[in-house]
Amino acid sequence: MDTVILDAFDEKQDREAIAAAAQVIRRGGLCAFPTETVYGLGADALNVDAVRKIFEAKGRPQDNPLIVHVSCLDEIPPLVEKFDSRAVALAKQFWPGPLTMILPRSERVPACVSAGLKTVAIRLPSNPIARALIRVSGRPIAAPSANLSGRPSPTTAQHVIADLSGRVDMILRSAPCTVGLESTVVSLIEEKPRLLRPGFITAEQLSAVCGPVEMDRAVFHSVAGDAVVHAPGMKYKHYAPHATVKIVKGDFDAYCRFVTEHAAPGVVAMCFDGEGKSLPIPFVEYGHEASPSEQAQQLFDVLHRVDELGAEVVYARCPSCKGVGLAVANRLFKAAGFEVIEL
Ligand code: TXA
Ligand code: MG
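Parameters and conventions
Residues numbered from 1 in each chain as written. Chains lettered and ligands numbered in written order. Predicted model: local features only at pLDDT ≥ 70, side-chain atom pairs only at ≥ 80, totals over all residues. Heavy atoms only, no water. Helix = DSSP H or I, 4+ residues; strand = E, 2+ residues; numbered from the N terminus. Buried < 20%, exposed > 50% of the residue type's maximum accessible area, 1.4 Å probe, protein only. Contact = heavy atoms within 4.5 Å. Areas by Shrake-Rupley, 256 points an atom, 1.4 Å probe, with all protein chains shown as cover. Lys, Arg positive; Asp, Glu negative; His and termini not counted. Charge placed at Lys NZ, Arg CZ, Asp CG, Glu CD. Pairing = 2+ DSSP bridges. Axes fitted to C-alpha atoms, helices over the stretch in contact; angles between N-to-C directions. Core = buried A, V, L, I, M, F, W, Y, C linked by side-chain atoms within 4.5 Å.

J.: In this structure, what is going on with the overall build of the protein chain? I would like to understand it.
T.: Along the backbone of the protein chain there are 9 helices and 16 strands. Expressed along its principal axes, the backbone C-alpha trace of the protein chain runs to roughly 60 × 45 × 40 Å. When burial is assessed residue by residue, the protein chain has 56% of its 343 residues classed as buried. Counting contacts in the protein chain only where the partners sit at least 6 residues apart, residues at least 24 apart contribute 67% of the total. Carbon together with sulfur atoms contributes 51% to the accessible area of the protein chain, which is approximately 14300 Å² in total. Here the protein chain carries 36 positive and 39 negative side-chain charges, and the mean point of each set is 5 Å from the other.

J.: So what exactly am I meant to see when it comes to the environment of glutamate 308 here?
T.: Its location among the elements puts glutamate 308 in helix α8 (residues 292–308). Each C-alpha atom of the pair glutamate 308 and histidine 242 lies 9.8 Å from the other, and the pair is 66 residues apart in sequence.

J.: Would you take a moment to explain the sheet that holds strand β13 (residues 267–271) for this structure?
T.: Whenever strands of a sheet pair, they do so through backbone hydrogen bonds, lying parallel or antiparallel. Spatial ordering of the open sheet is given by β14-β13-β15-β12-β16, a layout of 5 strands whose pairing is parallel. The sheet is open, and its two edges are formed by β14 (283–285) and β16 (340–342), each paired on a single side. Taken pair by pair, the neighbouring strands of this sheet meet at an average axis angle of 25°, ignoring direction. The sheet contact formed by strand β12 (residues 244–249) and β16 spans 3 bridges and is parallel. Pairing of isoleucine 247 across the sheet is with valine 340, part of β16.

J.: Looking at this structure, I do not really get the nonpolar core. What am I missing?
T.: Generally speaking, a soluble globular protein has its nonpolar side chains buried in company with each other. Counting residues in each nonpolar core, the largest one holds 47 residues, and the members touching the most others are Leu41, Leu90, Trp95, Leu99, Met101, Ile122 and Leu206. Elements represented by at least two residues in this core include exactly β3 (40–44), α2 (48–58), α3 (85–94), β5 (99–104), β6 (119–123), α5 (157–164) and α6 (203–210). With 5 residues, α2 is the largest single contributor of residues to this core. Within the second largest apolar cluster, 29 residues are counted, among which are Val38, Val302, Leu332 and Ala336.

So this is what it looks like as structure tokens:
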């Protein structure tokens, strides 16, 4: 398949590109587009054939449900059975933005969108290109991250082009994503809200709006392939570069000694800004140690770059798990298959 690549950096100036992308969605095709978190691979959420194409293009397991994206609150009632007071409060505080809510699914949403679950994931993104695309297409858009299944999520148009060129109808080329990690996923199905995937909106921020939030076990544990889980996406190996990633926990001096002892061809250090110059091996840096937001923004790009360096083993400095750091650590732990070396 020939993939059309169009520039869409500005919602107004690139109106034609957005209109063309909306046409692709309306006709049941696949179009990758930017959001504030990561690039998404979109299709008409109400068109079963279009939704199936997403799974095919990504090589995504059929039991991993998709997020449905809307451009305003008015588009939500037909998609859900219930939008309770907690959902209203969270929407008011965090939408448009990097939050996804799991809600009871209405019959209008095809079961395959949610991999057969009785729930549906809804997100109202803040990226103006994403919202214009949804608005102009006049459809809710089902969109997973626009990467091949198992690979690091795409935070630049180049990442999307590398993974999906020839597999999708269109790619909207835009700026790098500002948040850099996928949305926070919170389930409102049970009495207590449950955090299924940490993100830029933290558990503490959610709790301040809708009371105590339960942390799903999958956030910090690997899950067996046949396990029944609340967050099906959490059981798959994720975000992995071709290299083996190992997380190294300890202070910078101990880390320095460790990588010096383990220096060999194909071994790459993944450290915080300013640290690489003190190390005897090739390195990539993923933001300042004290800035989880910087780490979030750069993590996936760095995981792409280690492959370009031809790394075989990557020793990654362990981020703090506080605030947004929890989301950074969650993605890095998954990339490393939850393997940590404690110094
Ligand atoms: O930031 C994001 O959320 C990006 C952009 C494109 O919006 N999308 C994204 O989609 O990350 P994806 O498919 O890569 O991740 C969706 C996650 C998966 O872990 C999936 O299992 C979970 O959301 N999910 C979707 N629907 C669900 C449901 N009904 N119940 C529980 N988990 C669900
Ligand atoms: Mg994904």
